[in-house]
Amino acid sequence: ASPAPAAAPAPKPDSGARPCGEVPEGMACVPGGWFMRGADDSDPDRKPYAEVWVDTFWMDLHEATNALFNPCIKAGACEKHETYKGFMGPTQPAVGIIWRNAHAFCEWAGKRLPTEAEWEKAARGPDGDLYPWGDDPPTCERAQFRGCQPETTLPVGSFPAGHYGIFDMAGNGYEWVQDWYSRCYGECEDGCGAACPDRDPKGPCSGEGEKCKGFKILKVLRGGSWFWPADQVMASWRRPMKPDSGEHRLSVRCAMTPPSQGTGE
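Residues numbered from 1 in each chain as written. Predicted model: local features only at pLDDT ≥ 70, side-chain atom pairs only at ≥ 80, totals over all residues. Heavy atoms only, no water.

Caption draft 1: Molecular detail of the state of the cysteines. Under the definition given, this model contains 7 disulfides. For Cys72, the disulfide goes to Cys78, at an S-S distance of 1.9 Å. Residues Cys72 and Cys78 are joined by a disulfide whose S-S torsion is about 75°; by sign, that bridge is right-handed. (Disulfide = S-S within 2.5 Å.)

Pasting the structure below:
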């Protein structure tokens, strides 16, 4: 896929962004403001390449590990998921997670799933970089994707942190977000349209409910995985997936809204 345009529009002034506040342990603050979302290349579901604004939020530094997810199962708040040999180390990301279980885990942890726009802001940074580390192409020294060894997930934090000090936003486990999938951010057929404005977009139906009228029953995965090739670790890449899919590459990372910002709902 071709990169985003080299010359981005001049950033709009940040307006009303909340302070980070006291960031919980194990999380990072992503300051509110404008960033470049999407890409104008051959993939219509990433169009248009445009500025959007998200308010300040907190994001987990790491994908949820098996050591963190298992207590949710023991507490009865999360469903027991499929297990896979070579993927169950305590510091490996929990995989085999269906969307409902990802949502339940974040709720149990006192958090929530990030919106798609929040996830992309955390991965790209304020300047809309192609990857969490910048615009240089992926290598096995930067992320875990198809062709890198071993052919499994690695312990979280195995690579240098990206924007805002957050780890593994490219590769390792594909990460669920809150949003229903739309075929583009704009006014294309089955596009997000008015649900993806330039400020705090939450996507069709705000990501809520068991289905969203006018849209297929598909949620969104972000960040690529150990199983898929390098093009899918690009920070703008979107992958639609049935919410009840829970394969050995689907993981979860949670977000929170700072208290001064209200509930964010």
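From this point, things continue past the structure.
Caption draft 2: Spatial organisation of the nonpolar core. Counting residues in each nonpolar core, the largest one holds 20 residues, and the members touching the most others are Phe69, Phe105, Trp176 and Val252. Element by element, the count of residues in this core is highest for helix 2 (residues 99-108), at 4 residues. Each residue touching Phe105, except ones within four places of it in the same chain, is listed here: Ala64, Leu68, Phe69, Cys72, Cys78, Val252 and Cys254. Of all hydrophobic cores here, the second largest spans 19 residues; its members include Val54, Phe57, Met59 and Ala117. (Core = buried A, V, L, I, M, F, W, Y, C linked by side-chain atoms within 4.5 Å. Buried < 20%, exposed > 50% of the residue type's maximum accessible area, 1.4 Å probe, protein only. Helix = DSSP H or I, 4+ residues; strand = E, 2+ residues; numbered from the N terminus. Contact = heavy atoms within 4.5 Å.)

Caption draft 3: Structural context of the sheet that holds strand 9 (residues 255-256). If you walk across this open sheet you meet the 3 strands as 1-4-9, and the pairing is antiparallel. This sheet does not close on itself; its edge strands, each paired only once, are strand 1 (27-30) and strand 9. One ladder, built from 2 bridges, connects strand 4 (residues 57-60) with strand 9; its direction is antiparallel. In the strand pairing of strand 9, Trp58 is matched with Met256. (Pairing = 2+ DSSP bridges.)

Caption draft 4: Summary view of the sheet that holds strand 8 (residues 250-251). Here 4 strands make up an open sheet; going across it, the order is 7-6-5-8 and the pairing mixed. The open sheet has two edge strands with one neighbour each: strand 7 (238-241) and strand 8. Looking at chain direction, strand 5 (residues 174-180) and strand 8 are connected through 2 bridges and run parallel. From the neighbouring strand, Glu175 faces strand 8, where its bridge partner is Ser251.

Caption draft 5: Layout of helix 3 (residues 116-124). Among the 9 residues that make up helix 3, 9 are buried, leaving the element largely enclosed by the rest of the structure. Of the residues one or two after helix 3, Gly125 is the one with positive phi, at around 80°.

Caption draft 6: Region of the structure containing the packing of aromatic side chains. In this structure the tally under the stated criterion is 7 aromatic pairs. Measuring from ring centre to ring centre gives 5.1 Å for Phe69 and Phe105, while their planes differ by 20°; the resulting arrangement is stacked. Remark: Phe105 occurs in helix 2 and Phe69 occurs in helix 1 (residues 66-74); sequence separation between them is 36 residues. Judged by relative accessible area, Phe105 falls into the buried class, the value being 5%. Arranged with centres 5.1 Å apart and planes meeting at 50°, the rings of Phe87 and Trp226 form a pair that is tilted. Note that Phe87 is positioned in the loop between helix 1 and helix 2 and Trp226 in the loop between strand 6 (219-222) and strand 7, a separation of 139 residues in sequence. (Phe/Tyr/Trp six-rings, centres within 6.5 Å; stacked < 30°, edge-to-face > 60°.)

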